[in-house]
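Here's the letter readout for the chains.
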Amino acid sequence: MYQIAVCDDDRADLSRTVRLTRRILDEAGVPCRVDSYGDGRPLLSEIQRGRRFDLLLLDVRMAGLDGMALAAELKDRPARPDVVFISVDRDMALQGYHVDARRYLAKPVEPEQLREALLFCYGEAGRRTARRDDLLLPTASGEVRVPVRDIRYAETWERFARISTPAGFLETRLRLGELAGLLPEQFLYCHRTILVNLDYVRRLGQGELELRGGGILPVSRYRAPEVQRKLLELLNR
């Protein structure tokens, strides 16, 4: 269960962010709990008493303990939550880097920007906690654990990405770029809509890749030199 706290002293903004967060993660198939706070002090108190959160969505400027001060209080804690700031004050964005904020979103929050931030942070949490050789991927039916070695390639499919494995195809609720950020270095774009596992490449031809186990993938002229270089690096290891 992905644990999120949203903290904002504007009740309308708080309600909207909570509603969007739940909707986005539900659509992505990510089980979550989203708690709301109108003040940073009770949120900090709960964390100090042992409450665990994976992600904090914080308004920067609030009466009492604001989001920036709260993040600073947590900066040196072990296993601290990720932080995303949400504020009308765009000039505070640079200060967010001093407390290692993952993202800085301007009000009113755009759903697509919030979606990118949520799934980025969720992916980073999965990278830290999941077994190194597996990925925990959101799908329409819930989270599915997929061995990285079984991913032959991934491609853009409708709004999200589809993964090819020896057992067949798996449709995930991540976009291709989001999936790429979770995969190790043997995965490379051979086309702007296709990410290939170079361990499965049998042959690089003119404008195409032949895969072990069958299948041909296109290689764009722009990406062909990088694909060739990476294949040679793998062969020489």
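For the structure itself, look to the data block above.
Residues numbered from 1 in each chain as written. Predicted model: local features only at pLDDT ≥ 70, side-chain atom pairs only at ≥ 80, totals over all residues. Heavy atoms only, no water.

Draft legend 1. How the structure looks around the overall build of the protein chain. Counting its secondary structure elements, the protein chain contains 7 helices and 15 strands. Buried residues in the protein chain amount to 48% of all 237 residues. Put simply, 54% of the contacts in the protein chain that link residues at least 6 apart link residues at least 24 apart. Of the roughly 12800 Å² of accessible surface on the protein chain, 47% is carried by carbon and sulfur atoms. (Helix = DSSP H or I, 4+ residues; strand = E, 2+ residues; numbered from the N terminus. Buried < 20%, exposed > 50% of the residue type's maximum accessible area, 1.4 Å probe, protein only. Contact = heavy atoms within 4.5 Å. Areas by Shrake-Rupley, 256 points an atom, 1.4 Å probe, with all protein chains shown as cover.)

Draft legend 2. Fine view of the packing of aromatic side chains. One pass over the structure, following the stated rule, counts 4 aromatic pairs. Their ring planes at 55° and their centres at 6.2 Å tell us that Phe85 and Tyr104 sit as a pair that is tilted. Residue Phe85 is located in strand S4 (residues 82–87), and its partner Tyr104 is located in strand S5 (residues 103–106); the two are separated by 19 residues in the primary sequence. Judged by relative accessible area, which is 21%, Tyr104 ranks as partly exposed. The interplanar angle of 75° and the centroid separation of 6.4 Å between the aromatic rings of Tyr153 and Phe169 together place this pair among those described as edge-to-face. In this pair, Tyr153 sits in strand S8 (residues 153–157) while Phe169 sits in strand S10 (residues 168–172), placing the two residues 16 residues apart along the sequence. (Phe/Tyr/Trp six-rings, centres within 6.5 Å; stacked < 30°, edge-to-face > 60°.)

Draft legend 3. Looking closely at the pattern of salt bridges. A complete count under the given rule lists 18 salt bridges for this structure. We note a salt bridge from Lys107 to Asp8, for which the minimum N-O separation is 2.8 Å. Taken together, the residues span a long stretch of sequence, with Lys107 in the loop between S5 and helix H5 (111–129) and Asp8 in the loop between strand S1 (2–7) and helix H1 (11–27) at a distance of 99 residues. For the pair formed by Lys107 and Asp8, the shared burial category is buried. We note a salt bridge from Arg41 to Asp39, for which the minimum N-O separation is 2.6 Å. (Salt bridge = Lys/Arg side-chain N within 4 Å of Asp/Glu carboxyl O.)

Draft legend 4. Quick look at unusual backbone geometry. In the segment running from Lys107 into Pro108, the intervening peptide bond is cis, with an omega of -10°. Following the sequence through the fold, Pro108 ends up in the loop between S5 and H5.

Draft legend 5. Summary view of the sheet that holds strand S15 (residues 216–218). Taken together, the 3 strands give an open sheet; going across it, the order is S13-S14-S15, and neighbouring strands pair in antiparallel fashion. Each end of this open sheet is capped by a strand with a single partner; those strands are strand S13 (201–205) and S15. The sheet shows a mean angle of 25° between the axes of neighbouring strands, taken without regard to direction. Pairing of strand S14 (residues 208–211) with S15, which is carried by 3 bridges, proceeds in the antiparallel orientation. In the sheet register, Glu210 faces S15, and the bridge partner there is Ile216. (Pairing = 2+ DSSP bridges. Axes fitted to C-alpha atoms, helices over the stretch in contact; angles between N-to-C directions.)

Draft legend 6. Region of the structure containing the packing of helix H2 (residues 40–48) against helix H3 (residues 67–74). Where H2 contacts H3, the axes come no closer than 10 Å and their chain directions differ by 15°. Here H2 lies roughly parallel to H3, going by the angle between them. The handedness of the crossing between H2 and H3 is right-handed. Contacts from Gly40, Leu43, Leu44 and Ile47 in H2 reach Leu70, Glu73 and Leu74 in H3. Its residues assigned to classes, the contact of H2 with H3 comprises 5 nonpolar, 1 polar and 1 charged. (Parallel < 35°, antiparallel > 145°, perpendicular 65-115°, else oblique. Left-handed = near helix turned anticlockwise from the far one by under 90°. Nonpolar A, V, L, I, M, F, W, Y, C, P; charged D, E, K, R; others polar.)

Draft legend 7. Region of the structure containing the sheet that holds strand S11 (residues 187–191). Ordered by their spatial adjacency, 5 strands build an open sheet running S10-S9-S8-S12-S11, and the pairing between neighbours is antiparallel. Unpaired on one side and paired on the other, S10 and S11 mark the two borders of the sheet. Pairs of neighbouring strands in the sheet enclose a mean axial angle of 30°, with direction left out of account. Sheet topology places strand S9 (residues 160–165) next to S10; 5 bridges connect them, and they run antiparallel. Of the residues in S10, the one forming a bridge with Ile163 is Leu170.

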